[in-house]
Every structure is written in C-alpha cells, then in structure tokens.
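# Remarks on the overall topology
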Amino acid sequence: LSQSQLNLVDAHGGQLSTSAPISSSPSQGRMYGAVERLEPILVESSDQKSKENFLLPAHYESCIKSILISHGQILDRIQKLAYDIRRHYKGTTIHLLCVLKGGSAFFQDLQVCLRNFHNFTNQDYVPFTFDFIRAKSYDGTSSTGKVVVSGCDMEKLRGKDVLLVEDIVDTGTTMSMLVPLLVEHGPASVKVASLLEKRTPRSCGFKADFVGFSVPDEFVIGYCLDYNDAFRDMNHICVINDEGIEKFKDGVK
Ligand code: HPA
Ligand code: MG
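Here is a short report on the structure shown in this document.

Scoring rules and cut-offs
- Residues numbered from 1 in each chain as written.
- Chains lettered and ligands numbered in written order.
- Predicted model: local features only at pLDDT ≥ 70, side-chain atom pairs only at ≥ 80, totals over all residues.
- Heavy atoms only, no water.
- Disulfide = S-S within 2.5 Å.
- Buried < 20%, exposed > 50% of the residue type's maximum accessible area, 1.4 Å probe, protein only.
- Near = heavy atom within 4 Å.
- Polar contact = N/O pair within 3.5 Å; in protein donor to acceptor, adjacent residues only side chain to side chain.
- Areas by Shrake-Rupley, 256 points an atom, 1.4 Å probe, with all protein chains shown as cover.
- Pairing = 2+ DSSP bridges.
- Helix = DSSP H or I, 4+ residues; strand = E, 2+ residues; numbered from the N terminus.
- Contact = heavy atoms within 4.5 Å.
- Core = buried A, V, L, I, M, F, W, Y, C linked by side-chain atoms within 4.5 Å.
- Phe/Tyr/Trp six-rings, centres within 6.5 Å; stacked < 30°, edge-to-face > 60°.

### Here's the deal with the state of the cysteines
One covalent bond between the sulfur atoms of two cysteine residues makes up a disulfide. Per the stated rule, a full pass over the model turns up 0 disulfides. The closest cysteine sulfur to the non-disulfide-bonded Cys-98 is located on Cys-224, 8.5 Å from its own sulfur. Judged by relative accessible area, which is 0%, Cys-98 ranks as buried.

### Here's the deal with the site of ligand 1
Contacts to ligand 1 come from 9 residues, most closely from Asp-170, Lys-198, Phe-219, Val-220 and Asp-226. Contacts to ligand 1 include Lys-198, whose side-chain N or O atom sits 2.8 Å from an oxygen atom. One of the backbone nitrogen or oxygen atoms of Val-220 is found 2.5 Å away from a nitrogen atom of ligand 1. In the complex, the protein chains occlude 93% of the 260 Å² of accessible area that ligand 1 would expose alone.

### Quick look at the pairing of strand 10 (residues 237–240)
Here 4 bridges tie strand 2 (residues 64–69) to strand 10, and the two strands are oriented antiparallel to one another. Looking across to strand 10, one finds that Ile-64 is bridged to Ile-240. Where strand 9 (residues 220–221) and strand 10 come together, 2 bridges link them in antiparallel fashion. Bridge pairing in strand 10 places Ile-221 opposite Cys-238.

### Digging into the environment of Ile-237
Within the secondary structure, Ile-237 sits in strand 10. Between the C-alpha atoms of Ile-237 and Met-177, which are 60 residues apart in sequence, the distance is 26 Å. Ignoring any residue separated from it by four or fewer positions in sequence, one finds Ile-237 in contact with Ile-67, Leu-68, Ile-69, Ile-74, Leu-195, Leu-196, Val-220, Ile-221, Gly-222, Tyr-223 and Leu-225.

### Observations regarding the sheet that holds strand 9
The antiparallel open sheet is built from 3 strands, whose spatial order is 2-10-9. Pairing within the sheet leaves two strands with one partner each, and these edge strands are strand 2 and strand 9.

### Details of the nonpolar core
Ile-69, Ile-85, Phe-106, Leu-195, Leu-196 and Ile-237 are the most contacted members of the largest nonpolar core, which totals 36 residues. Looking at this core, the elements with two or more residues in it are strand 2, helix 2 (71–89), strand 3 (94–100), helix 3 (104–120), strand 6 (161–169), strand 7 (189–198), strand 8 (210–215) and strand 10. Setting aside chain neighbours within four positions, we find Leu-195 in contact with Ile-74, Ile-78, Phe-106, Glu-166, Asp-167, Val-211, Gly-212, Phe-213, Tyr-223 and Ile-237. Counting 20 residues, the second largest nonpolar core, distinct from the first, contains Val-99, Val-147, Leu-157 and Val-190.

### Comments concerning the packing of aromatic side chains
Enumeration according to the criterion identifies 8 aromatic pairs in this entry. With centroids separated by 4.5 Å and ring planes inclined at 35°, the aromatic side chains of Tyr-60 and Phe-231 adopt a geometry described as tilted. Placement of the pair is Tyr-60 in the loop between strand 1 (41–42) and strand 2 and Phe-231 in the loop between strand 9 and strand 10, with a sequence separation of 171 residues. The exposure class of Tyr-60 is buried, given its relative accessible area of 4%. With a centroid separation of 5.9 Å and 70° between ring planes, the pair formed by Tyr-60 and Phe-248 is classed as edge-to-face. Of the two residues, Tyr-60 sits in the loop between strand 1 and strand 2 while Phe-248 sits in the segment after helix 5 (242–247), which places them 188 residues apart along the sequence. The pair formed by Tyr-60 and Phe-248 is uniform in burial state, with each residue classed as buried.

Laid out in structure tokens, this is it:
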C-alpha cells in the first residue's frame, strides 16, 4: 500500500487528516507530506457542448466555438471545493488572496459558500479575511514567461495561512513565481485554489492544492477568464473561435 492509500477517506472522498508544510520550489508540484490533493473533475475535449444548447451574451455569440463548462456546473463544483477547503483548514482563520482579475468570479462564489458554513456549523468552519493581488503573465493567448505582481502589501501576510484564489493554472508560470515570492514574506502557509488546471505540454509542473476542473489544451474564456479583457462578463466557460481571436486581438473597443 502506498502512503496515500493508507489515508482515511470519508464519504465525500476527502482525506481526514492533513498536514501541509510549505515549500518554495518554483517549478515542482508541491506535496502535502503524506496526503495527496483531491483530483479535479476531468473535462475532455469531447465534453464541449454546442452553442445552441445554452444562452450566451449576444455580443459574444459569434466568437464562441463551444461551451466547455456551464455556469451551473461551476457553482456546484465550487460548493465542493469550499467543503474541501473547510475540512482542510477547520477552525483556522485563513487569508484568501484573490488573484485579479481572472480569479474574481471564483473568489466571489467561493466566499459565498464559506460564509454559509459560518451559519450552519458551530465549529469546524473557516473564518477568513481577504485581499487582492494583481499578477500578470499573459498577453493575448500566450504566456510571456515572466510575472508582474502589484496591489498587495505583502508584509501583511506574515504569520497568516494564505490561500491564493486563481482562475487557471495553465503553464503554471504565474503560480510558480508568485508562491515563492509570498513565502519570502513569512506566511504560516501558502496554498493555491484554482478553478481550472490545463493539461498542456507547456506546463512547468506546478500543481495547485484545490482544483475544480482539469481542462484540455484549448484557450478558454468566460466566468472572468479573458482574452485581452473580453469575455469576462459571460457566465459559462467556453472555447473561443477564430473570429473571437481576430475580433478582440486589440482588446474591447
Ligand atoms: N484562458 C484565459 N486566460 C488564461 C488561459 C486561458 O486558457 N490560460 C492562462 N490564462
Ligand atoms: Mg487573464
């Protein structure tokens, strides 16, 4: 039996004990000691749904190839991620650090779930504070390979259990540079919740700790994920088409 097989697993598929040392390794997936992360929902390329099946904003309709993850699926999955986060941190006050702008829809819906736990549990819920950080490594549909961080007083992270809230781990460039940067400022721990993770050969190997969906190697948009700031105002997560890439190549006019 491997270490992970020996871990107790409850009815919702979660391990019952976790201990999480932080690591600042920039390019390797971080391990939880003996406990592996819960794996995301695998979304295959063949799971793409035709546009005819869902309502889409009229201003984007012609720019979308398909719907990959519907808004309803996103919200349901976030409830389970909130549950997993609560179980992992139970009783600990965490500091959510929303990575702008892409992470903001996920952050809002995750907050709603975490706040609801406050109402219905006497203990084992997760008090939280939050802040926002700006991290940019993308230009259009390609990674620039360097990350620019702004908008966060990192001295305030000292001693805190920081949970980064991100839209997507694609190449992993942003997170593999941001996590070690935060660790330098002395937080008690740093973990990453990412709604999406892309299966791409360009990955640097970075693995987030709480992940909603594993998506195929397509450029995805919607639910605050953008292409030059377009498509953030769309509920579903969709695949862009060539017309969309052309139309918004210089941003939203
Ligand atoms: N879509 C939007 N933003 C992104 C993506 C993507 O597929 N990958 C990295 N940032
Ligand atoms: Mg973006």
